[in-house]
Amino acid sequence: MEDRVIVFDTTLRDGEQSPGATLNLPEKLEIARQLARLGVDVIEAGFAIASPGDYEAVSRIAADVGQLEHAPVIASLARCNKADIDRAWGAVQSARRNRIHTFLATSDIHLQHKLRISRNDCIEQVGEFVSYARSLCADVEFSPEDAGRSDPEFLYQVLSVAVAAGATTLNIPDTVGYRTPEEYGELIAGIIRNVSSIREKGVIVSVHCHDDLGLATANTLAGIRAGARQAEVTINGIGERAGNTSLEEVVMALRTRPQFYNGADTRIDATQLVRTSKMVSAMTSIVVQPNKAIVGANAFAHEAGIHQDGMLKNAATYEIMRPESVGWNSTNLVLGKHSGRAALSDRLKQMGYDLTREELDKAFQRFKELCDKKKVVTDADLEALLADQLERLNEVYQLDHINVTTGTGNTPVASVRLIDDKGEPREDAALGNGPINAICNCINRITRVDAKLSEFHVHAVTEGIDAIANVTVRIEMTAEDGRKYIFSGRSADTDTVVATGRAYLAAVNKGLSRGGRGQAVDAPRAATV
Ligand code: KIV
Ligand code: ZN
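Residues numbered from 1 in each chain as written. Chains lettered and ligands numbered in written order. Predicted model: local features only at pLDDT ≥ 70, side-chain atom pairs only at ≥ 80, totals over all residues. Heavy atoms only, no water.

### Quick look at the environment of V161
Filter applied, for reference: A run of H or I in DSSP becomes a helix once it reaches four residues, and a run of E becomes a strand once it reaches two; helices and strands are each numbered from the N terminus. The contact rule is simple, with two residues in contact once any of their heavy atoms fall within 4.5 Å.
Looking at the element boundaries, V161 is found in helix α6 (residues 152-164). Setting aside residues no more than four positions away along its own chain, V161 makes contact with I123, V126 and G127.

Below is the structure:
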C-alpha cells in the first residue's frame with residue numbers, strides 16, 4: 001500500500017464555516033500561500049457557488065497559489081447539480097492542478113428530511129453529476145455526506161456508482177462526529193473490501209471527521225490505519241460546531257509513531273506548523289486554547305518541579321517531540337527603530353508574507369510608529385501588525401479618534417470619531433457600565449447598528465510593559481429577517497483602548513458590508529450545504 005497520506009486542507013472551506021470566522025480575500029490569499037509553504041497537497045479554497053465573494057476567493061487562489069512551481073491542487077466544493085459544478089469549475093479552472101469536490105448526502109435521515117429524495121434518486125444524481133464533473137475536470141472527488149450514519153450496504157452501492165462515473169477520490173465524511181475510532185476504521189476497511197473498483201481503478205479513499213465527541217483526530221488516524229490515503233483537515237481543527245480534524249495533530253501523530261501507522265507519512269514541513277497556526281488564529285480571531293496539542297502555548301511548557309528536573313537531565317523524559325520540530329522557538333530576529341524598509345521587507349519575506357509595494361508601505365509606516373513606542377519589534381509583533389492591517393481593508397468606517405474616561409466613582413464615558421466611506425467625520429459620546437461597554441455603545445450610536453459584544457479577549461503579544469495588546473471580539477447583530485448573526489474583529493495596538501475600539505469597529509464593519517448577514521447563530525451556513 002502507498003505510504004504517503006495526501007493532506008487535503010479545508011481551513012478555507014469547512015474551517016471558515018466556524019461561527020464568526022469569516023475571512024476577507026487578502027486574508028484567504030495569505031493563508032493559502034502559507035498552506036502551500038506548509039506543503040499541503042490539496043487546498044479546498046471555498047464553496048464557489050456560496051456567494052460572489054467565495055467565487056472570487058477561489059478564483060484568485062487558483063490564479064495565484066495555483067500557479068506556483070509545486071502548486072497544491074486547488075479544489076472547490078459543489079453540490080451534486082450542474083449549476084454548482086459549473087461554478088466550481090469556473091473558479092478552479094486556471095490552477096495548474098484543479099479538483100471539483102462534489103457531494104450528496106446518503107444517510108436516510110438526510111435523504112428523507114433534508115433532501116426529500118429516495119435512495120434511487122440519490123444514486124441517479126450521483127451517477128449523473130459525478131460524470132458531468134468528470135467531463136470538465138480530470139480530478140473529481142465525491143463525498144457521501146453523513147456517511148458515518150449511512151447504511152453501509154447502500155454506501156457501497158453509491159460509491160461504486162461514483163467510481164464508475166469517474167470519481168478519482170472517495171471521501172467518507174463523519175459529518176456529525178458520531179462514530180468511534182473502531183467503528184470508523186471498520187467503515188473505511190469495509191468500503192475498501194466491498195467496493196472492488198476502488199482497487200481496480202486506484203481510487204484514493206479519504207477521511208473527513210468532525211469533532212463533536214472529541215474523536216476527530218482518533219477517527220482520522222483509525223481511517224488511515226484501515227487504508228485511507230487522504231486526510232481532510234483544518235489548521236487548529238477549526239470548523240463547523242466543535243470543528244474538524246486538526247492538521248497538526250494528524251501530521252505529528254503519524255511522524256511520532258511511524259511503526260504504529262506502518263510508515264504512513266505526509267509531505268508537510270512540520271517546522272511551519274506553529275507559524276500557520278498563529279496566522280489562522282489571528283486572521284479568524286479564533287483563539288487557540290493553551291493546552292491544544294502541538295500548537296497551544298502550553299504544549300511544550302513544563303510546570304511541575306519533577307518534570308523540569310527531568311527535562312534538564314534529558315528532554316526525552318517528558319517530551320515525545322522537540323518543540324523546534326513543529327516550529328516553536330524558531331529564529332526570532334529582532335528589528336528596531338534603526339531598521340529600514342529593506343530589513344523589514346526581508347524579514348517579512350522570511351516570515352512568509354508576500355506583500356505588494358503598497359502593502360509594504362503601509363506595514364513600514366506602522367512598523368515605524370510601533371518603534372516609537374516599543375524598543376524591539378519581534379516576529380510576533382510583526383505578525384500582529386500584519387493581521388491588523390489585513391483586517392482593516394475595505395472598511396466602511398475608520399477609527400479617527402477615541403477617548404475613554406473611567407475610574408472609581410464616575411460612570412465610564414467614551415467619545416469616538418469615525419470617518420465614513422465618503423470621508424465625512426461622525427462623532428458621538430456614550431456612557432457604559434464599563435469602559436469597553438461605553439466604547440461599544442458609542443460605536444453602535446454612530447454606525448446605527450444594534451450589535452452586542454458576546455466575547456472579548458485581550459492578550460499581550462510579547463512580554464514587557466510596552467507589549468502590543470491583541471484584542472479579539474465577537475459580536476451578535478440582528479439582521480432585517482430577525483435572525484442573529486455573528487461577526488468577529490481583531491486589532492493590535494500598544495494601547496488596549498485603541499485596540500478595543502478598532503476590533504469592535506472591524507466586527508461592525510464586517511456586519512455592515514455583508515448587510516448584517518454573517519453566520520447565523522441559530523442556523524449555521526452549512527445547514528444549507
Ligand atoms: O462534513 C461534511 O460532510 C462535509 C462534506 C461537504 C464533505 O464537509
Ligand atoms: Zn465537514
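That shown, we press on.
### Regarding the sheet that holds strand β9 (residues 398-405)
Our working definition: Two strands make a pair as long as DSSP finds a minimum of two bridges between them. Fitting a line to C-alpha atoms yields each axis, with helices limited to the stretch in contact; the angle taken between N-to-C directions then spans 0 to 180 degrees.
In spatial order, the strands read β9-β10-β11; together these three strands make up an open sheet with antiparallel pairing. Each end of this open sheet is capped by a strand with a single partner; those strands are β9 and β11 (425-431). Neighbour-to-neighbour, the strand axes of the sheet open up by a mean angle of 15°, direction not taken into account. In the packing of helix α16 (residues 435-447) onto the sheet, the strands contacted are β9, β10 (413-419) and β11, and the crossing angle to β11 comes to about 140°. Seen against the sheet, helix α17 (residues 496-513) touches β9 and β10 and runs at an angle of roughly 130° to β9.

### Comments concerning the sheet that holds strand β7 (residues 204-209)
By definition, the strands of a sheet pair up through backbone hydrogen bonds, in either a parallel or an antiparallel sense. Reading around the circumference, β1-β2-β3-β4-β5-β6-β7-β8 is the order of the eight strands in this closed barrel, with parallel pairing throughout. Across the sheet, the mean angle separating the axes of adjacent strands is 25° when strand polarity is ignored. Where strand β2 (residues 42-46) lies against strand β3 (residues 73-79), four bridges are found, and the strand directions are parallel. The residue bridging E44 from the neighbouring strand is A75, located in β3. Sheet contacts for helix α2 (residues 52-64): β2 and β3; angle to β3, the most-contacted strand, approximately 160°.

### Points about the coordination of the zinc ion (ligand 2)
For the record, the criterion: Because no water is among the atoms considered, metal sites can look incomplete, with donors defined as N, O and S atoms within 2.8 Å of the metal, or 3.2 Å for Na, K and Ca. Partly exposed residues are those whose accessible area sits between 20% and 50% of the maximum for their type, while under 20% is buried and over 50% is exposed, using a 1.4 Å probe and protein chains only.
Of the protein atoms, only D14 (OD), H208 (NE2) and H210 (NE2) coordinate the zinc ion (ligand 2), at distances of 2.0 to 2.1 Å. Mapped onto the polypeptide sequence, the residues donating to the zinc ion (ligand 2) form the spacing pattern D-x193-H-x1-H. Linking D14 in the loop between β1 (6-9) and α1 (25-38) with H210 in the loop between β7 and α9 (216-225), this pair joins segments that are 196 residues apart in sequence. Take D14 and H210: they sit in the same class, and that class is buried.

### Concerning unusual backbone geometry
Non-glycine residue N236 carries a positive phi angle of around 65°. Residue classification places N236 among the buried residues on the basis of a relative accessible area of 11%. Within the chain, R241 stands out as a residue other than glycine whose phi angle is a positive 45°. With respect to the helices, strands and loops of the structure, R241 is situated in the loop between β8 (230-233) and α10 (247-256). Judged by its relative accessible area of 43%, R241 falls in the partly exposed class.

### Remarks on the site of ligand 1
What counts here: The near set for a molecule or strand comprises every residue that places at least one heavy atom within 4 Å of it. Here a polar contact means two N or O atoms within 3.5 Å. Within protein one must be a hydrogen donor candidate and the other an acceptor candidate, and residues neighboring in sequence count only if both atoms are side-chain atoms. Surface accessibility follows the Shrake-Rupley procedure with a 1.4 Å probe radius. Residue values consider only the protein chains on display as shielding.
In the region of ligand 1, the neighbouring residues are R13, D14, H101, F103, S143, E145, N171, P173, T175, H208 and H210. R13 places a polar side-chain atom, nitrogen or oxygen, 2.9 Å from an oxygen atom of ligand 1. In the environment of ligand 1, an oxygen atom lies 3.1 Å from a nitrogen or oxygen atom belonging to the side chain of H208. Coverage of ligand 1 by the protein chains reaches 96% of its 260 Å² of free accessible surface. Listed by contribution, the elements that provide at least two residues to the shell around ligand 1 are β4 (98-105), β5 (140-145) and β6 (169-174).

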